[in-house]
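For reference, the chains in residue letters:
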Amino acid sequence: MIIQNVRITPVAVPDIPLLNCKGVHQSVFLRSVIELVTDTGIVGLGETYGAKRTLAGLRESADALIGLDPFHLNDLRSRVVQALPAGGGVNAPTAVADHQLVDVVSSAFEVACMDIQGKLLDRSVSDLLGGAVRRQVPFSAYLFFKFGRLAGHAEDDRWGEVRTPDALVEEARTLYRENGFKSLKLKGGVLEPDLEIETMFKLREAFPHHPLRIDPNGVWTVDTAIRIGKALDGVLEYLEDPVLGIDGMAAVAREVPMPLATNLAVIEFEHLPDSIAKNAVQVVLSDHHYWGGLRASKHLARLCQAFGLGLSMHSNSHLGISLAAMTHLAASTPNLNYDCDTHYPWMDTDVVTGGKRAFRDGALTVPDGPGLGVELDHDKLTELNTLYEASGVTDRDDTNEIQKYIPGYVRKVPRW
Ligand SMILES: [Mg+2]
């Protein structure tokens, strides 16, 4: 069995104005949908970022996959490395964290190859990863401050404006009512620190038994982070990326009572030795999209276990192919100690047949069926590709976007 054809389709998915320390989400988020077509007719699905660096990397590597045996994942990696000069460089130069393009591209293709393997063998991807240790994979509610409506729109979206602690608690109640999430994560770094502390206390009051997290994406100074960490003693299960860099995280970790988590300071295997030596982070957020794939993420899990680190899972805005891959990975990773992040509840559409998946009691059932257990809705793919072409958006730029709402807005890191 060999790969005969590689289809890469960029899509734009309608989004809403969720705030973060960089700015605000654009009216669409971008993804790339991958179809690997084999000579047997089996088609493997993958999904990853859709910004132009990723898309170019996928397209530059596509020809090198022709003739590949989808079981030869080491060969896949070598072919991608050779196709991308100098490892392809970083994936997103404007992002806070710079993922290696070679990891991003090979990961997306690896997922599609494992989808093919599963379909051939009539086994799920989680079976290929060692078998599910849990049938239900729990996710956390991802809470955002937000503007009421997209720039240029006349009416609020159904969530309305959320820019106060009380409004955020109301948003959490709605997400909980609709999805049953058992833990809550706030995207922080948006309001002044004292308002975000107040928000966490109000969440604690409204949800006395839910584990809570806050993630300001490294926008606080070390002193501010220590002050906030001490103020939230007993409130947080972990504090995510309060500051940037391993040395900054280590300085905060020495002073605050709760574990520090990261998807910014430790994003490659090569970052682990320094972080472990300095005890900079206690929980690593895995993400198969940039850690190098599903199997590499399992490797990360074993290293976390060996070094006594907790393991959680990071998310960007994504569709149902990524959601299925994340669910299979989480189901087959015994020491995934925390509920996974996902942006999925914030959108209203999907490219998989059957449409948007529903959470029950905050969890998803591991998809049945061979491979990833999802199929592509080709009409929806065409619709979202048409939106991509019409939108003119080719990169994510939250800072540029927020200037439509707040003229002259300047991004500062750290801000507080
Ligand atoms: Mg994060």
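This text goes with the structure placed above it.
Residues numbered from 1 in each chain as written. Predicted model: local features only at pLDDT ≥ 70, side-chain atom pairs only at ≥ 80, totals over all residues. Heavy atoms only, no water.

> Now, about the coordination of the magnesium ion: what can you tell me, with residues and values included?
Here the magnesium ion is held by Asp215 (OD), Glu240 (OE) and Asn263 (OD1), and the distances to it run 2.0 to 2.2 Å. Mapped onto the sequence, the donors of the magnesium ion take the spacing D-x24-E-x22-N. A residue pair is termed long-range when its members are at least 10 positions apart, and Asp215 in strand S9 (residues 212-215) and Glu240 in strand S10 (residues 238-240) qualify at 25 residues. Each of the two residues, Asp215 as well as Glu240, counts as buried. (Donors = N, O, S within 2.8 Å, 3.2 Å for Na, K, Ca; no water. Helix = DSSP H or I, 4+ residues; strand = E, 2+ residues; numbered from the N terminus. Buried < 20%, exposed > 50% of the residue type's maximum accessible area, 1.4 Å probe, protein only.)

> Residue-level account of the packing of helix H6 (residues 193-206) against helix H7 (residues 222-231), with values.
In contact at an axis separation of 11 Å, H6 and H7 are set at 20 degrees when each is read in the N-to-C sense. Here H6 is positioned roughly parallel relative to H7, judged by the angle of their axes. The element H6 and its partner H7 pack so that their crossing is right-handed. When H6 is examined against H7, the residues Pro193, Asp194, Ile197 and Phe201 are found in contact with a partner set consisting of Thr224, Arg227, Ile228 and Ala231. Considered class by class, the residues forming the contact of H6 with H7 number five nonpolar, one polar and two charged. (Axes fitted to C-alpha atoms, helices over the stretch in contact; angles between N-to-C directions. Parallel < 35°, antiparallel > 145°, perpendicular 65-115°, else oblique. Left-handed = near helix turned anticlockwise from the far one by under 90°. Contact = heavy atoms within 4.5 Å. Nonpolar A, V, L, I, M, F, W, Y, C, P; charged D, E, K, R; others polar.)

> Before we move on, can you summarise the environment of Leu384 with the specific residues and values?
With respect to the helices and strands, the residue Leu384 is situated in helix H13 (residues 378-391). For the pair formed by Leu384 and Ile34, sequence separation is 350 residues and the distance between their alpha carbons is 14 Å.

> Quick rundown of the pattern of salt bridges? Include the residues and the values.
Inspection of every chain in the model, using the stated rule, returns 28 salt bridges. With its nearest N and O atoms 3.2 Å apart, the salt bridge here joins Asp127 to Arg123. Across the pair Lys185 and Glu240 runs a salt bridge whose closest N-O atoms are separated by 3.0 Å. With Lys185 in strand S8 (residues 184-187) and Glu240 in strand S10, the pair connects residues that are 55 residues apart, well separated along the chain. For Glu240, a relative accessible area of 0% translates into the label buried. Salt bridges sharing partners connect three or more residues here, namely Lys185, Lys187, Arg213, Asp215, Glu237, Glu240 and Asp341. (Salt bridge = Lys/Arg side-chain N within 4 Å of Asp/Glu carboxyl O.)

> Please give an account of the packing of aromatic side chains that cites residues and values.
Aromatic ring pairs are described here by two measures, namely the spacing of the ring centres and the angle between the planes. As enumerated under the stated definition, the model contains 10 aromatic pairs in all. Ring geometry for Phe139 and Phe359: centres 5.5 Å apart, planes at 70 degrees, overall edge-to-face. Placement of the pair is Phe139 in the loop between strand S6 (136-138) and strand S7 (141-144) and Phe359 in the loop between helix H12 (320-331) and strand S14 (363-365), with a sequence separation of 220 residues. Look at Phe139 and you get buried, because its relative accessible area is 0%. For Phe359, a relative accessible area of 7% corresponds to the buried category. With a centroid separation of 6.3 Å and 70 degrees between ring planes, the pair formed by Tyr344 and Phe359 is classed as edge-to-face. In this pair, Tyr344 sits in the loop between H12 and S14 while Phe359 sits in the loop between H12 and S14, placing the two residues 15 residues apart along the sequence. (Phe/Tyr/Trp six-rings, centres within 6.5 Å; stacked < 30°, edge-to-face > 60°.)

> So what about the side chain of Glu196? Which residues, and what values?
Inspection of the secondary structure assignment puts Glu196 in helix H6. Arg415 provides the closest opposite charge to the buried, unpaired Glu196, separated from it by 9.5 Å. A distance of 2.8 Å separates a polar side-chain atom of Glu196 from the backbone nitrogen of Leu191. Apart from the residues lying within four places of it in its own chain, the contact partners of Glu196 are Phe145, Gly188, Gly189, Val190, Leu191, Ile214 and Trp220. (Lys, Arg positive; Asp, Glu negative; His and termini not counted. Polar contact = N/O pair within 3.5 Å; in protein donor to acceptor, adjacent residues only side chain to side chain.)

> Account for the nonpolar core, naming residues and giving values.
If you look at the biggest cluster of nonpolar residues, it comprises 129 residues, and the most contacted ones within it are Leu36, Phe109 and Leu203. Of all the elements, helix H3 (residues 101-121) adds the most residues to this core, at 11 residues. The contacts of Phe109, once residues within four sequence positions are left out, are Val6, Ile8, Ile34, Leu36, Leu58, Ser61, Leu65, Leu76 and Val80. Counting residues in each nonpolar core, the second largest holds five residues, with Tyr238, Val283, Leu285 and Tyr338 among its members. (Core = buried A, V, L, I, M, F, W, Y, C linked by side-chain atoms within 4.5 Å.)

> How would you summarise the pairing of S8 if you had to cite specific residues and measurements?
Residue alternation in S8 divides its side chains into two sets, Leu184 and Leu186 and Lys185 and Lys187, and both sets are buried. Where S7 meets S8, four bridges bridge the pair, whose relative direction is parallel. Counted as the bridge partner of Leu143 is Leu186 from S8. Where the polypeptide runs from S7 across helix H5 (residues 165-179) and back to S8, its parallel neighbour, the crossover connection is right-handed. Pairing of S8 with S9, which is carried by four bridges, proceeds in the parallel orientation. What sits directly across from Leu186, in S9, is Ile214. (Pairing = 2+ DSSP bridges. Right-handed = clockwise from strand over helix to strand, strands pointing away.)

Remember, this is a structural readout, not a statement about activity or role.
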